[in-house]
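# Structural overview
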Amino acid sequence: MGRGYYINDVQLPGALAVAFVPSLHAHARLLRVDASRARNCPGVHAVLTAEDLGDAIGPIRVEYDSTSAPNHRSCDWPVLARDKVRFMGESVAVVAAEDRYRAEDAVSYVRVDYEPLARVANAEKALEPDAPLIHESWADNCMHSLKLDAGNVEHAFQHADCVVSGTFTTARQLALPMETVGCAATYESTSDSLTVWSSTQVPHVLRSAIALKLGMPEHHVRVIAPDIGGGFALKIYVHPQELVVAYLARHLGRPVKWIQDRRENLTSGLQSRQQVIRGSLALSKEGIILGLKGNVLSDAGAYSAFPWGSAFEGLHAAFCMPGPYKIPVYGLDVKIAVTNKPPNGVYRGVGLPHAIMVMERLLDLGAQKLGIDPAELRLRNLIGRADHPYVTVVGEEVESGSHQECLQKAMEMVDYREFRAEQQRQRRHGRYLGIGISNFIYDSAPNSQALLAAGMNVSSYDSATVRVDASGKVTILISTKPSGQRHETIFAQVAAEELGMPVSDIKVVHGDTLVVPIGSGTWGDRGAVTGSGAVILAARKIRDKLLRVAAQLTEVPDENLELAHGMVRRKSDKVSLISIAEIARRLINAPGRLPVGIEPGLETTCQYDPVVPSTHPNGTHVVTVEVDIETGKVKLLRYIAVEDSGTIINPLVVKGQIEGGIAQGIGSSLYEEIVYDDDNRALTGSLMDYIIPTGADLQRLEIAHFESPSPHTLGGFKGIGVGCSSAPLGAIANAVADALYPFGVEVNEVPLTSERVLNLIENRNSESTSA
């Protein structure tokens with residue numbers, strides 16, 4: 001409706017515009033940075049290099065816990081490049097000018113002399129013995145390694161009736177929010193107070209980082225996150241530009257502002273998902289899984305993004321690979337390598353899309369080799385309701401779920417038998433239809449102990465303040481930060497349920513560290529779990545106080561009272577005795593009339609860190625496609641998603657999450673890919689080249705639900721935002737492979753662009769002709 005207030009809507013009087021000087025090389029020594037001509041440009045107020053900054057801004061650095069992650073290497077990421085650059089587009093200098101036009105003009109006058117160095121193009125080349133070192137203090141280019149055997153893996157494979165293997169590749173891509181990263185800042189010298197507006201999902205994390213890196217007391221730093229035009233995990237990081245902008249406001253005594261342009265977003269922002277995974281699956285002749293192997297090689301880019309680190313995605317992919325299947329033994333081998341590309345920042349799913357694609361492709365290959373229907377093979381191996389709580393091969397306890405039920409429902413919705421019959425009929429007419437299945441489960445809302453066990457020094461709790469005013473209306477101050485998930489709605493619903501009042505009487509406030517209590521922000525599919533948990537705890541304390549006061553005022557025992565429709569009423573006959581507003585008025589405006597022993601006021605704050613390592617949403621996606629063998633074009637015919645996210649708070653919000661997630665999954669499966677040339681320069685620098693899905697791809701979505709509440713979370717809530725964006729890769733890859741089964745092609749790489757699909761068909765035809 002045009003009523004949002006985003007970062008570029010923040011207008012600070014007298015604000016200077018900021019632009020950064022990008023590196024023109026992917027790997028080079030900095031011999032000289034000459035900013036003299038730029039400083040003399042009209043309207044330019046400052047041009048700063050790393051030499052000018054000195055040690056005024058500390059470098060970004062991610063430290064993993066050495067006990068949990070002994071094979072992790074850390075590195076410094078300077079906010080402006082020092083001595084050498086490690087990816088094309090890395091910031092070498094910064095300009096502050098009267099407007100962005102003048103700032104960009106001045107950028108062109110900054111002269112940088114480079115000594116080009118040999119580049120590291122990808123993770124495979126990074127780990128070669130003679131690869132040039134990206135960080136000279138390291139012995140090689142391996143950022144993180146992990147090897148683990150859960151059970152006797154080799155024995156399982158040696159005694160298997162069937163073993164299938166494949167090497168699966170996912171392209172480098174990025175989160176593409178409508179609103180790019182941006183920030184603005186102003187400084188008040190008399191109180192040494194710095195206020196930063198940022199399009200961030202983690203306001204308190206950013207506040208802590210700014211205070212630490214600039215050497216300021218944290219309570220002198222205020223971060224305000226206005227409306228966010230999409231995040232998808234891109235905005236859970238502390239970006240170097242945010243630290244520079246905060247410093248400039250303090251250094252210059254002027255408001256400053258920087259908005260990432262789309263080319264910067266596409267070519268030098270945080271990127272993700274580039275992995276090569278070698279997977280192997282061992283099965284009995286009856287189609288029972290005996291063992292799994294996964295070798296993950298992940299491209300971390302040049303540095304490690306704070307606070308999660310750029311090793312997170314590859315590690316998570318490895319641990320997610322077993323999925324919702326009963327797998328007795330698992331061997332994993334993970335290597336995370338640095339390359340001369342922008343750093344890896346997780347994107348919706350955090351390695352889960354890769355894991356699902358590998359596992360689901362292996363299952364289809366196994367079914368094909370054994371002559372078992374792929375849906376039946378999955379049913380034989382899925383966790384059943386009676387198996388819960390089920391401890392997976394990687395030690396996670398799956399508390400509840402509907403794994404078999406979701407698959408059966410999806411098969412019913414697609415009319416599986418009829419589709420198979422139609423598929424055969426159409427093949428006789430030269431049309432190639434295919435069906436793909438993708439089952440998923442994942443760990444949502446990890447608690448702080450789970451993150452520490454993974455080596456990450458990151459907290460995972462959230463806080464809520466519930467405040468009732470004298471009119472009986474409620475304000476919730478919440479530490480989570482929505483970026484389209486409608487926390488304003490769902491937290492009001494959760495509180496209304498606890499307090500027995502209309503949702504319209506509740507207002508939710510978020511995004512301002514001066515106002516809201518400290519918490520971890522929004523990421524990891526955790527808002528509904530941790531945010532609602534904190535709201536429930538605080539609302540229950542308010543409810544208990546309302547009932548205690550009402551009991552003394554009405555002389556009815558509080559255990560015989562309840563809240564409903566804004567009133568306190570007797571449980572036995574539902575007769576209303578006193579309004580919540582009247583109790584609130586007495587507690588706030590007339591404390592002299594309160595019963596003895598009751599403190600004035602009606603406000604409380606609670607924190608919530610889940611008691612278990614994580615919750616486990618699950619689901620099944622089934623897609624049918626038609627492949628045009630003349631052009632390679634993949635057309636989606638139907639897309640069915642059956643999902644179980646525990647207790648559903650708001651069906652409309654859940655629907656929006658699933659639809660948006662599927663759209664992004666379709667993009668990963670069919671379109672999105674950052675393409676590099678031999679100099680490690682991104683060639684997909686505009687949306688003419690970096691192709692994304694459109695509304696035409698989303699016209700055939702069909703969604704159904706199961707609800708398996710978590711017994712470990714308040715409200716029984718689980719996450720909803722990750723499985724829907726991750727499952728499409730496996731489903732679409734399987735559907736395309738099924739459609740092209742007559743050609744004998746191997747579908748092991750995404751995105752399945754028209755060019756790539758056509759090459760698969762033509763190459764296979766050439767091989768057949770040669771044979």
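Please refer to the structure placed before this passage.
Scope of this entry: the structure provided in the associated data block.

Rules and cut-offs
Residues numbered from 1 in each chain as written. Predicted model: local features only at pLDDT ≥ 70, side-chain atom pairs only at ≥ 80, totals over all residues. Heavy atoms only, no water. Helix = DSSP H or I, 4+ residues; strand = E, 2+ residues; numbered from the N terminus. Rg over C-alpha atoms; globule rule 2.2 N^0.38 Å. Contact = heavy atoms within 4.5 Å. Areas by Shrake-Rupley, 256 points an atom, 1.4 Å probe, with all protein chains shown as cover. Lys, Arg positive; Asp, Glu negative; His and termini not counted. Charge placed at Lys NZ, Arg CZ, Asp CG, Glu CD. Pairing = 2+ DSSP bridges. Axes fitted to C-alpha atoms, helices over the stretch in contact; angles between N-to-C directions. Parallel < 35°, antiparallel > 145°, perpendicular 65-115°, else oblique. Left-handed = near helix turned anticlockwise from the far one by under 90°. Nonpolar A, V, L, I, M, F, W, Y, C, P; charged D, E, K, R; others polar.

Attention now goes to the overall build of the protein. Each helix and strand counted, the protein has 20 helices and 31 strands in total. Since a compact globule built from 771 residues should have a radius of gyration of about 28 Å, the 28 Å found for the protein is in line with a globular shape. Taking the principal axes of the C-alpha coordinates as reference, the protein spans close to 95 × 75 × 50 Å. The contacts in the protein between residues at least 6 apart in sequence include a share of 79% that link residues at least 24 apart. Carbon and sulfur atoms provide 50% of the accessible area of the protein, an area that totals close to 29,500 Å². When the 73 positive and 89 negative side-chain charges of the protein are each reduced to one mean point, those points stand 3 Å apart.

The strands that make up a sheet are held in pairs by hydrogen bonds between backbone atoms, and each pair lies either parallel or antiparallel. The three strands lie next to each other as β24-β25-β26, forming an open sheet whose pairing is antiparallel. Sheet topology places β24 (561-564) and β26 (576-579) at the edges, where each strand pairs with a single neighbour. Between one strand and the next, the sheet's axes are offset by a mean angle of 30°, whatever the strand orientation. The sheet contact formed by strand β25 (residues 567-570) and β26 spans three bridges and is antiparallel. Across the sheet, residue Val568 finds its bridge partner in β26, namely Ile578. Together, β24, β25 and β26 form the strand contacts of helix α16 (residues 527-554), whose direction differs from that of β24 by roughly 120°.

Moving on, we come to the packing of helix α18 (residues 651-671) against helix α19 (residues 723-739). In the contact formed by α18 and α19, the axes pass within 7 Å of each other and the chain directions differ by 40°. Classified by the angle between their axes, α18 and α19 sit oblique to one another. Considering only the axes of α18 and α19, their crossing is right-handed. Across the interface between the two elements, Gln657, Ile658, Gly661, Ile662, Gly665, Ile666, Ser668, Ser669 and Leu670 from α18 touch Cys724, Ser725, Pro728, Leu729 and Ile732 from α19. Taken together, the residues of the contact of α18 with α19 sort by class into eight nonpolar, six polar and no charged.

A word on the sheet that holds strand β11 (residues 182-188). Across the sheet, seven strands lie side by side as β3-β7-β1-β14-β11-β12-β13; this open sheet has mixed pairing. Each of the sheet's edge strands pairs with one partner strand only, and the pair in question is β3 (44-49) and β13 (221-224). If you compare each strand with its neighbour and ignore which way they point, the axes differ by 20° on average. In this structure, β11 lies alongside strand β12 (residues 193-198), joined through six bridges in antiparallel fashion. Residue Ala184 lies in a different strand from β12, and its bridge partner there is Trp197. Across the sheet, helix α6 (residues 203-214) touches β12 and β13, and the angle it forms with β13 is around 145°. Relative to β11, helix α7 (residues 240-252) is tilted by about 25°, and along the sheet it contacts β1 (16-22), β3, β7 (91-97), β11, β12 and β14 (256-259).

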